[in-house]
Each structure stands twice: as C-alpha cells, then as structure tokens.
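Chains, contacts and geometry: an overview
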Amino acid sequence: MKRNMKVSIKSGFENLLLIAIIVAGSLCMGACDKSDKTQISEAAQPFADTYFNWQFPKAVSYCTPESRQWLSYLSSQVNQQDVDTLRAMTEGARCEIDGIDIADDDTTATITLQVHHYLSMDTLGQTGNVIEKSKFLIPMVRRNSEWKVSLSSPLRAEKE
C-alpha cells in the first residue's frame, strides 16, 4: 500500500510541475510578444517622425542598410521650394501607429500608420502638397535581435 502512495504522490508532483511549466511558458510567450511589439514601436515611431518630417539622415538609424539608398534618393530630390514650404508650415507631420502585424515567421512585421498634416513628395521636381491624413504600411524586419524598417522603395500612401 505504501508503494502505491509513493507513485501517486510522485505523479501528482509531476503533474503540478508540468502545469507550472505550461503556465510559465504561456506567460513568457505573452511577454515575448509584447516585447516584440514594444521593440517594433520603438523603431517605427521615431522612423516615421523623422521620415514624414523630411529628416532623412536621422531616419537612417532606424532602417536596414539596404534601405539607406531610398533615403539618400529622397534627400537628393529635396529642392529649395520644398525647404521653404517645410519651414513655412506651422506644425510638422504627426504619426500614429494604428496596428502592428507580426508575421508567423517572427522576423517580419507590418506597421499600419496614420500620418497627419505632412508634406508629400508626389512629383519629382515639383513642390509637394500638404496632405491632412493618409495611411501608410511600413515593412519591418528583425535583424540581430533588432527591429528595423525595410524599405524597397519610397513609402506611398495606401488608397482608401
């Protein structure tokens, strides 16, 4: 009879240990997801603030190395009329993250961003227009445990 009691106690302890491991794993996964979203936001928000206020050199630090060519390209297209228009604006662009969609592979994500009151660069060689509100999708990748913006072209507003 004592023998069965030891087996029963051991099985109960193993079950309790298994439940504790499952609960701890669930908590870690929830914390890891929040941590990824926090890290993504911490890279995407300052990128958006600098990008949509035409501070392209400052935006570079939030991007992958291959994205830099697009920021250099955009910088090279800024003319004096654009600078004058930006300086004359009473307020800068305001960016709000609406959503973060992390792909199943956990190495890519897409940010949905609302941008308010920004100067668009629609046609090269012409002064941009002030746009009151647009939605943008910003692609992100995880590299060396850091989330970075991954541009394959200049950002374009989504059609609504």
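Keep in mind that this is a model prediction, so the values were computed, not measured. (Residues numbered from 1 in each chain as written. Predicted model: local features only at pLDDT ≥ 70, side-chain atom pairs only at ≥ 80, totals over all residues. Heavy atoms only, no water.)

What to know about the packing of aromatic side chains
Each aromatic ring pair is summarised here by two numbers: the centre-to-centre distance and the angle between the ring planes. Basically, it comes down to this: Here is the rule: rings of Phe, Tyr and Trp (six-membered ring for Trp) pair when centre to centre is within 6.5 Å. Planes less than 30 degrees apart are stacked, more than 60 are edge-to-face, and the remainder are tilted.
Here the structure, examined in full by the defined rule, presents eight aromatic pairs. Cluster of aromatic residues (ring-pair linked, three or more members): Phe 47, Tyr 51, Phe 52, Trp 54, Phe 56, Tyr 118 and Phe 136.

Considering the sheet that holds strand β3 (residues 130-143)
Note: strands within a sheet are paired through backbone hydrogen bonds, in either parallel or antiparallel orientation. We count it as follows: Pairing between two strands requires that DSSP report at least two bridges joining them. By definition, any uninterrupted DSSP run of H or I lasting at least four residues is a helix, any uninterrupted run of E lasting at least two residues is a strand, and each is numbered from the N terminus. Angles run from 0 to 180 degrees between N-to-C directions of axes, and those axes are lines fitted to C-alpha atoms, restricted for helices to the stretch in contact.
Taken in spatial order, the four strands of this open sheet run β1-β2-β3-β4, and their pairing is antiparallel. In this open sheet, the two strands that pair with only one neighbour each are β1 (94-102) and β4 (146-149). Direction aside, the axes of adjacent strands within the sheet are offset by 25 degrees on average. Taken together, the eleven bridges between strand β2 (residues 108-119) and β3 define a ladder with antiparallel strand orientation. Across the sheet, residue Thr 112 finds its bridge partner in β3, namely Leu 137.

Structural notes on the pattern of salt bridges
Here is the rule we go by: Take a side-chain nitrogen of Lys or Arg and a carboxyl oxygen of Asp or Glu: if they are within 4 Å of each other, that pair is a salt bridge. Note on exposure labels: buried denotes an accessible area under 20% of the residue type's maximum, exposed denotes more than 50%, and partly exposed covers the range between, all computed with a 1.4 Å probe on protein chains only.
Inspection of every chain in the model, using the stated rule, returns three salt bridges. Among the salt bridges present, the one from Glu 66 reaches Arg 143, with a minimum N-O distance of 2.5 Å. Taken as a pair, Glu 66 in the loop between α2 (56-59) and α3 (68-76) and Arg 143 in strand β3 lie far apart in primary sequence, 77 residues in all. Assessed through its relative accessible area of 37%, Glu 66 is described here as partly exposed.

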